[in-house]
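Each chain, written out:
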Amino acid sequence: MNSIWGLLKKELDFYSIHLLNKNKCYIYVDGVKRKTKISKLIKILEYKIYNNIVVIKKILNKLSISIKDGYVCSNDLSGENIKKVFLHNVKDLYRLLKHFSNHYDCLKTEIVDSHLDKDIIEMYNFDIVDFSSEFMNLLCNIKMHLDWIYRRNLKLSYIVKLLRFSLKGEKEVNESGFIKVARGIQGPWGNLDLPMDERVFEWDDIDEEMRGRDRDIRRQKRYRTGLENYNNDGRVGEGFYWRELRNEPFSWHSREFDDPYPSRHLLSRF
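In this report, the structure presented in the accompanying data block is examined. (Residues numbered from 1 in each chain as written. Predicted model: local features only at pLDDT ≥ 70, side-chain atom pairs only at ≥ 80, totals over all residues. Heavy atoms only, no water.)

Quick look at the packing of helix H1 (residues 4–14) against helix H6 (residues 133–166)
- Two numbers describe how H1 lies on H6: the axes approach to 11 Å, and their chain directions differ by 145°. Crossing hand, H1 versus H6: left-handed. Contacts between H1 and H6 pair Ile4, Trp5, Leu8, Glu11 and Leu12 from the former with Tyr158, Ile159, Leu162, Leu163, Phe165 and Ser166 from the latter.
- A per-class count over the contact of H1 with H6 returns nine nonpolar, one polar and one charged. (Axes fitted to C-alpha atoms, helices over the stretch in contact; angles between N-to-C directions. Helix = DSSP H or I, 4+ residues; strand = E, 2+ residues; numbered from the N terminus. Left-handed = near helix turned anticlockwise from the far one by under 90°. Contact = heavy atoms within 4.5 Å. Nonpolar A, V, L, I, M, F, W, Y, C, P; charged D, E, K, R; others polar.)

Quick look at the packing of aromatic side chains
- What the rule picks out here adds up to six aromatic pairs.
- The interplanar angle of 85° and the centroid separation of 5.1 Å between the aromatic rings of Phe14 and Tyr15 together place this pair among those described as edge-to-face.
- For Phe14, a relative accessible area of 65% translates into the label exposed.
- With a centroid separation of 6.4 Å and 65° between ring planes, the pair formed by Phe86 and Phe135 is classed as edge-to-face. Pair noted here: Phe86 is in helix H3 (residues 80–103) and Phe135 is in helix H6, with a separation of 49 residues, a long-range link. One exposure class covers both Phe86 and Phe135, and it is buried.
- Members of the aromatic cluster, connected to one another through ring pairs, are Phe14, Tyr15 and Tyr158. (Phe/Tyr/Trp six-rings, centres within 6.5 Å; stacked < 30°, edge-to-face > 60°. Buried < 20%, exposed > 50% of the residue type's maximum accessible area, 1.4 Å probe, protein only.)

Digging into the sheet that holds strand S1 (residues 17–19)
- The three strands are arranged S1-S2-S3 in an open sheet whose pairing can be described as antiparallel. The sheet is open, and its two edges are formed by S1 and strand S3 (32–37), each paired on a single side. Going from strand to strand, the sheet's axes swing by 25° on average, the running direction of each strand aside.
- With six bridges joining them, strand S2 (residues 24–29) and S3 adopt antiparallel strand pairing. In the strand pairing of S3, Val29 is matched with Val32. (Pairing = 2+ DSSP bridges.)

Some thoughts on a negative patch on the surface
- Taken together, the side chains of Glu202, Asp204, Asp205, Glu208 and Glu209 define an acidic patch exposed on the protein surface.
- Within the element layout of this structure, Glu208 appears in helix H9 (residues 203–218).
- On the accessibility criterion, Glu208 (71% relative accessible area) is exposed. (Patch = residues over 30% accessible without salt bridge, like charges linked within 9 Å, V, L, I, M, F, W, Y side chains within 5 Å. Areas by Shrake-Rupley, 256 points an atom, 1.4 Å probe, with all protein chains shown as cover. Salt bridge = Lys/Arg side-chain N within 4 Å of Asp/Glu carboxyl O. Lys, Arg positive; Asp, Glu negative; His and termini not counted. Charge placed at Lys NZ, Arg CZ, Asp CG, Glu CD.)

Observations concerning the side chain of Ser166
- By secondary structure assignment, the location of Ser166 is in helix H6.
- Given a relative accessible area of 0%, Ser166 falls into the buried group.
- Setting aside residues up to four positions removed in sequence, Ser166 forms contacts with Trp5, Leu8, Leu19, Lys22 and Ile38.

With respect to unusual backbone geometry
- Of note, Ser16 is a non-glycine position whose phi angle comes to about 60°, a positive value.
- Assignment of secondary structure puts Ser16 in the loop between H1 and S1.
- Since its relative accessible area comes to 38%, Ser16 is described here as partly exposed.

Structure below.
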């Protein structure tokens with residue numbers, strides 16, 4: 001099985017970053033392959049994350065100003081499609097703002113202090129026919145931009161974590177065991193989003209435990225009971241026999257007393 005360092009290199013290769021060692025790597029800039037320090041690349045990516053946060057702040061301020069300027073226009077008729085999209089975007093936008101305020105302290109001023117989250121909740125008090133189409137389009141675009149930038153930051157943060165992990169070096173990374181490797185799959189098409197090296201394993205890794213499992217299955221009582229005297233003294237026992245006392249024969253005429261099922265004789269009473 002590949003080492004953890006090998007899996008780390010393949011994961012970074014997916015993002016066009018080729019590790020050379022714990023200090024340097026290759027990156028592709030405008031199609032040109034360049035060598036750079038990992039620490040320098042981390043600073044560049046962190047700066048991109050910071051710039052994205054600044055853009056999110058500007059978008060939130062724009063949304064807050066648009067709400068305070070007024071968004072109700074009873075004489076404006078909007079299409080049914082934009083209304084459906086608008087309803088879903090309002091709900092998703094509120095959940096996204098709550099996530100920002102809970103996990104990003106730098107955004108609390110734009111969300112909590114400015115009461116932007118409460119303003120979004122206030123929209124539920126209006127009928128959708130009262131919203132103008134301009135405001136619906138604006139809110140949908142803002143939600144799309146916030147979602148895209150946030151997902152972009154998640155991707156950059158993930159790459160930064162991988163690069164920080166690679167700074168430990170090949171030996172320490174392989175000994176850490178931080179990266180989990182899948183031991184199997186659920187179904188023929190399960191976990192297809194995982195790299196191939198994480199979905200396969202050497203048979204030697206599980207050979208011992210699988211052999212023990214097969215042995216335990218063969219020694220189950222249901223496979224051994226009744227076969228104790230197999231081929232001994234000319235007697236042959238086959239299969240499993242469970243003695244059910246209630247199925248033992250009895251006299252039909254004395255069934256009232258011998259029948260193991262209480263009161264069953266009453267069913268055939270004339």
